[in-house]
Amino acid sequence: MRILISGGSGFLGQRLAARLLRRGTLAGSDGQPQPIAQLTLVDTVPLLPLEDLRVLVVTGDISDAGVLRTVVGPDTDVVFHLAAVVSGMAEAEFDLGMRINVDATRLLFEACREAGHRPRVVFASSVAVYGGALPAMVDDGTALNPQTSYGTQKAIGELLLADYTRKGFLDGRALRLPTITVRPGRPNAAASSFASGIIREPLSGQEAVCPVAPEARIWVLSPSTVIECLIAGAELAPEAFGASRSVNLPGLSVSAGEMVESLARVAGPEAAGRVRWEPDARIARMVAGWPGAWNTSRAESMGFPADRSFDQIVQAHLRDQAR
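Summary of the structure given here. (Residues numbered from 1 in each chain as written. Predicted model: local features only at pLDDT ≥ 70, side-chain atom pairs only at ≥ 80, totals over all residues. Heavy atoms only, no water.)

Some details on the overall build of the chain
Note the cut-off: Strands here are runs of E lasting at least two residues and helices are runs of H or I lasting at least four, both read from the DSSP assignment and numbered beginning at the N terminus. Here the radius of gyration uses the C-alpha set of atoms, whereas the globule reference equals 2.2 Å times the residue count to the power 0.38. Burial classes follow relative accessibility: with a 1.4 Å probe on protein chains only, a residue under 20% of its type's maximum area counts as buried, one over 50% as exposed, and anything between as partly exposed. Contacts are assigned to residue pairs with any non-hydrogen atoms lying within 4.5 Å of each other. All accessible areas in this document rest on Shrake-Rupley with a 1.4 Å probe, and a residue is counted as covered only by the protein chains that are shown. When charges are counted, Lys and Arg contribute as positive and Asp and Glu as negative, whereas His and the chain ends are disregarded. We put the charge of a Lys on NZ, of an Arg on CZ, of an Asp on CG and of a Glu on CD.
Across its full length, the chain holds 12 helices and 14 strands. For the chain, whose C-alpha radius of gyration is 19 Å, the value lies close to the compact-globule estimate of 20 Å for 323 residues. Structurally, the chain occupies a C-alpha span of about 55 × 45 × 40 Å along its principal axes. Considering the chain as a whole, with its 323 residues, one finds that 54% of them fall into the buried category. Considering only intrachain contacts with a sequence separation of at least 6, the fraction spanning at least 24 residues in the chain is 75%. Accessible surface, the chain: about 13,900 Å² in total, of which carbon and sulfur atoms supply 52%. Placing the 31 positive and 34 negative side-chain charges of the chain at their respective mean positions leaves the two points 3 Å apart.

Written out as structure tokens, the structure reads:
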């Protein structure tokens, strides 16, 4: 089994790589576990080589077809396409977002097509493909209506993936990721970055600013659970997806106020008191366009795991930080 992770030096890419190496196997096209012989990580950001002979680190831009030809070949079994320009940056830098989120995605799919053996491709999409006037409950059949450049770019990626799959060029699976929290490290340019910051910073004794109102709802998933979802998406049989290659992952619908209440329950009122409410009209407008309530019964019936409470997500972050 030979696996490629685009965006391999990113937060999810590194976690996915570590989890796959610990597992040692991934189900093949026949559904049987196969040993992982090589794991290739490609990203523009240099990544220190991992001390594992199965790992190949490639530094390069995936919008360069030459780079993709070096990492995708006839022996590539599975591709996890995680590389992306995040939401806030894609909105601020339109050309960059289009180059990485659309042009590079198609180049990657073309490289899989040229490989000639229909590799499995797991595409990290986003719930940002939805927006506008939404029903009270969003499900997989709700029409795509993105209200941001990032959402539009992810929707284009989904449509390309579906068509490349229909044509038999690859075996695609698009997983619509909720906001991932709690992310360690520094804030990034994503509009949803505050969803980690209002937990992460108070837990480390720092103040955090919440740019949305307490009632603003967000669909969230923990880092560990999203990694298990990515692996589950890769291992599912093609027929499990039925007529649609895109699926909304299970998550938790939680308001910013409820997140801070969880912080207080887990870490005490002093930690929760470090959150300041300072609305930012730009971010609040973007978040307001995201769905808040979901029917993910399809994903659950397919076997995708889910978090059970936001308290558990906060507790998991504390355990990770203590290691």
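Regarding the pattern of salt bridges
Filter applied, for reference: Whenever Lys or Arg places a side-chain nitrogen within 4 Å of a carboxyl oxygen from Asp or Glu, that contact is recorded as a salt bridge.
Applying the stated criterion to the full structure yields 18 salt bridges. A salt bridge links glutamate 110 to arginine 113; the shortest N-O distance between them is 3.1 Å. Here glutamate 110 pairs with arginine 113, and both are found in helix α4 (residues 94-115), just 3 residues apart, close to one helical turn. We classify glutamate 110 as buried; its relative accessible area is 17%. For aspartate 171, the salt bridge goes to arginine 245, with nearest N and O atoms at 2.5 Å. Taken together, the residues span a long stretch of sequence, with aspartate 171 in strand β8 (residues 171-177) and arginine 245 in the loop between α7 (223-235) and β12 (246-248) at a distance of 74 residues. In this structure, a network of salt bridges that share partners links the residues Asp171, Arg173 and Arg245.

Remarks on the packing of aromatic side chains
The line we're drawing: Stacked, tilted and edge-to-face are the three classes assigned to paired rings of Phe, Tyr and Trp, where Trp is represented by its six-membered ring and a pair needs centres within 6.5 Å; plane angles under 30 degrees give stacked, over 60 edge-to-face, the rest tilted. Two thresholds decide whether a charge sits over a ring: the Lys NZ or Arg CZ must be within 6 Å of the ring centre and within 35 degrees of the ring normal.
On inspection of all chains with the given rule, the structure shows 5 aromatic pairs. Seen in terms of ring centroids, phenylalanine 109 and tyrosine 164 are 5.7 Å apart; in terms of plane orientation they differ by 55°. Their pairing is tilted. Here the residue phenylalanine 109 occupies a position in helix α4, and tyrosine 164 occupies one in helix α5 (residues 149-166), the gap between them amounting to 55 residues. Three or more aromatic residues link up through ring pairs in this structure, and these residues are Phe109, Phe123, Tyr164 and Phe169. Above the face of the phenylalanine 169 ring, arginine 113 is positioned so that its terminal group lies 4.2 Å from the ring centre.

Concerning the packing of helix α6 (residues 194-203) against helix α12 (residues 310-322)
Counted only if it meets this: Axis angles are defined between N-to-C directions and span 0 to 180 degrees, where every axis is a line fitted to C-alpha atoms and, for a helix, only to the segment in contact. Angle categories: roughly parallel below 35 degrees, roughly antiparallel above 145, roughly perpendicular from 65 to 115, and oblique for all the rest. Each helix crossing is assigned a hand: it is left-handed if the near helix lies turned anticlockwise from the far helix by less than a right angle, otherwise right-handed if that turn is clockwise. Amino acids outside the nonpolar list (Ala, Val, Leu, Ile, Met, Phe, Trp, Tyr, Cys, Pro) and the charged list (Asp, Glu, Lys, Arg) are all regarded as polar, and Gly is one of them.
Where α6 meets α12, the axes come as close as 11 Å, and the angle between the chain directions of the two elements is 45°. On the basis of the axis angle, α6 is oblique to α12. Note that α6 runs across α12; the crossing there is right-handed. Mapping the contact onto sequence places Ile199, Arg200 and Leu203 in α6 and Phe310, Val314, His317 and Leu318 in α12. Of the residues contributing to the contact of α6 with α12, the split by class is 5 nonpolar, 1 polar and 1 charged.

A look at the layout of surface pockets
Under the convention used in this document: Here a cavity means grid points, on a 1 Å grid over the protein atoms only, where a 1.4 Å probe fits yet cannot get out; a pocket means an open set of points with protein on both sides within 12 Å along at least five of seven lines; lining residues are those with an atom within 4 Å of a point. Grid points are joined across faces, edges and corners, and a volume is the space filled by probe spheres set on the points.
Approximately 1,200 Å³ is the volume found for the largest pocket. Around the largest pocket, the lining comprises 45 residues; the ones closest to its centre are Leu82, Ala84, Val86, Arg183 and Asn188. Within the residue set of the lining of the largest pocket, elements represented by two or more residues are α1 (11-23), β4 (38-43), α3 (87-92), α4, β7 (120-126), α5, β9 (179-180) and α6. Its residues placed into classes, the lining of the largest pocket shows 24 nonpolar, 14 polar and 7 charged. Considered as a void within the structure, the second largest pocket measures approximately 350 Å³ in volume. If you trace the second largest pocket, you find 16 residues lining it, with Arg15, Arg22, Ser224, Asp320 and Arg323 closest to the centre. Contributions of two or more residues to the lining of the second largest pocket are made by α1, α7 and α12. No other element matches the 5 residues that α12 contributes to the lining of the second largest pocket. For the lining of the second largest pocket, a count of residues per class yields 6 nonpolar, 3 polar and 7 charged.

Some details on the sheet that holds β9
How we decide: Any two strands between which DSSP finds at least two bridges are classified as paired.
Taken together, 3 strands build an open sheet; the order of strands is β9-β11-β13 and the sheet is mixed. Looking at strand neighbours, the two that pair on one side only are β9 and β13 (252-255), the edges of this open sheet. With 2 bridges joining them, β9 and strand β11 (residues 217-221) adopt parallel strand pairing. In the sheet register, threonine 179 faces β11, and the bridge partner there is valine 220.

Concerning helix α8 (residues 256-267)
Note the cut-off: Given the number of residues in a helix, its expected span is that number minus one, multiplied by 1.5 Å.
For α8, with 12 residues, the first-to-last C-alpha span of 16 Å sits near the 16 Å given by 1.5 Å per residue. Phi turns positive one or two residues past the end of α8, at glycine 268, with a value near 100°.

A closer look at the sheet that holds β4
The strand order across the open sheet formed by 7 strands is β5-β4-β1-β6-β7-β8-β12, and the pairing between neighbours is parallel. Strands at the two margins of the open sheet, each flanked by one partner only, are β5 (55-59) and β12. Mean inter-strand twist for the sheet, computed between neighbouring axes without regard to direction, equals 20°. Sheet strands in contact with α1 are β1 (2-6), β4, β5, β6 (78-81) and β8, and its direction is about 160° off that of β1. In the packing of α7 onto the sheet, contacts are made with β6, β7 and β8, and the angle to β8 comes to roughly 160°.

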